[in-house]
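# Structural overview for review
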Amino acid sequence: MRVLFVCMGNICRSPTAEGVLRRLVREEGLEDRVEIDSAGTGGWHAGSPPDERATEAARRRGIELAGAARQVEPEDFERFDLILAMDRENLAELRALAPDDEARGKVRLLLGDRDVPDPYYGGEQGFDHVLDLVEAACEDLLDELRAA
């Protein structure tokens, strides 16, 4: 199973979700069955590391955020089995970018019917709140991946 997390710039929410799921997958010994990546619908942060505030909040919980931001590419709709948007705006953008109905069927919100709020312009507590939401959602996602 190949999972892609998507937010706007790929420096806060989506790398946080990637890091959380990587840790859970590693703890379960599923690294050989699950491929995880993240991307942004916008490319303005391409090549940048994850936001320092997100990285620090994750580090305090034993989660590593690594890699460099990248923008969603058309090939992602072929490469990934599941594309999880952090909010409705990114969901709509991904559905518009998807080449066909099959690709659109791979796209959904990480939180089901709720948005993961963007902590970028807020304080430190926003990053902790995002981690709380993402950790709970990724635990549920792990159950789904185990069954796949």
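Residues numbered from 1 in each chain as written. Predicted model: local features only at pLDDT ≥ 70, side-chain atom pairs only at ≥ 80, totals over all residues. Heavy atoms only, no water.

Time to look at unusual backbone geometry. Even without being glycine, asparagine 10 reaches a positive phi, approximately 65°. Examined against the element boundaries, asparagine 10 turns out to sit in the loop between strand E1 (2-7) and helix H1 (13-28). (Helix = DSSP H or I, 4+ residues; strand = E, 2+ residues; numbered from the N terminus.)

This part is about the nonpolar core. Core analysis: the largest hydrophobic core is formed by 35 residues, its most contacted members being Phe5, Leu21, Leu110, Val134 and Leu141. Broken down by secondary-structure element, the contributors of at least two residues to this core are E1, H1, helix H2 (52-59), strand E3 (82-85) and helix H6 (124-147). With ten residues, the single largest contributor to this core is H6. Leucine 141 has contacts with Val3, Phe5, Leu21, Leu82, Leu84 and Arg108, leaving out every residue within four places of it along the chain. Membership of the second largest hydrophobic core comes to 14 residues, among which are Ala39, Phe80, Ala85 and Ala103. (Core = buried A, V, L, I, M, F, W, Y, C linked by side-chain atoms within 4.5 Å. Buried < 20%, exposed > 50% of the residue type's maximum accessible area, 1.4 Å probe, protein only. Contact = heavy atoms within 4.5 Å.)

What follows concerns the packing of aromatic side chains. Tallied over the full model, the rule gives one aromatic pair. Seen from their ring centres, tyrosine 120 and tyrosine 121 are 4.8 Å apart, and the 90° between their planes marks the pair as edge-to-face. Under the relative-accessibility criterion, tyrosine 121 is labelled exposed at 77%. In this structure, arginine 53 packs its charged tip against the face of tyrosine 120, placed 5.3 Å from the ring centre. (Phe/Tyr/Trp six-rings, centres within 6.5 Å; stacked < 30°, edge-to-face > 60°. Lys NZ or Arg CZ within 6 Å of the ring centre and 35° of its normal.)

Turning next to the pairing of E3. Burial of E3 is two-sided: the residues Leu82 and Leu84 facing one way and the residues Ile83 and Ala85 facing the other way are all buried. Pairing between E1 and E3: four bridges, direction parallel. Considered in E3, the bridge of leucine 4 is made with isoleucine 83. Relative to strand E4 (residues 107-109), E3 is paired through three bridges, and the arrangement is parallel. Across the sheet, isoleucine 83 pairs through a bridge with valine 107, a residue of E4. (Pairing = 2+ DSSP bridges.)

If you walk through the whole model with that rule in mind, you get 22 salt bridges. A salt bridge links aspartate 81 to arginine 2, with the shortest nitrogen-to-oxygen separation between them at 3.0 Å. One end of the pair, aspartate 81, is in the loop between helix H3 (76-79) and E3; the other, arginine 2, is in strand E1, and 79 residues separate them in sequence. A relative accessible area of 31% means that arginine 2 is categorised as partly exposed. Glutamate 144 is the partner of arginine 108 in a salt bridge, and the nearest nitrogen-oxygen pair spans 2.6 Å. Placement of the pair is arginine 108 in strand E4 and glutamate 144 in helix H6, with a sequence separation of 36 residues. Among the charged side chains, a network of salt bridges with common partners joins Arg23, Glu27, Glu56, Arg59, Arg60, Arg61, Asp128, Asp132 and Glu135. (Salt bridge = Lys/Arg side-chain N within 4 Å of Asp/Glu carboxyl O.)

Another point: the pairing of E1. The buried fraction of E1 is high, at five of six residues. Relative to strand E2 (residues 35-40), E1 runs parallel, the two sharing six bridges. If you follow phenylalanine 5 over to E2, its bridge partner there is serine 38.

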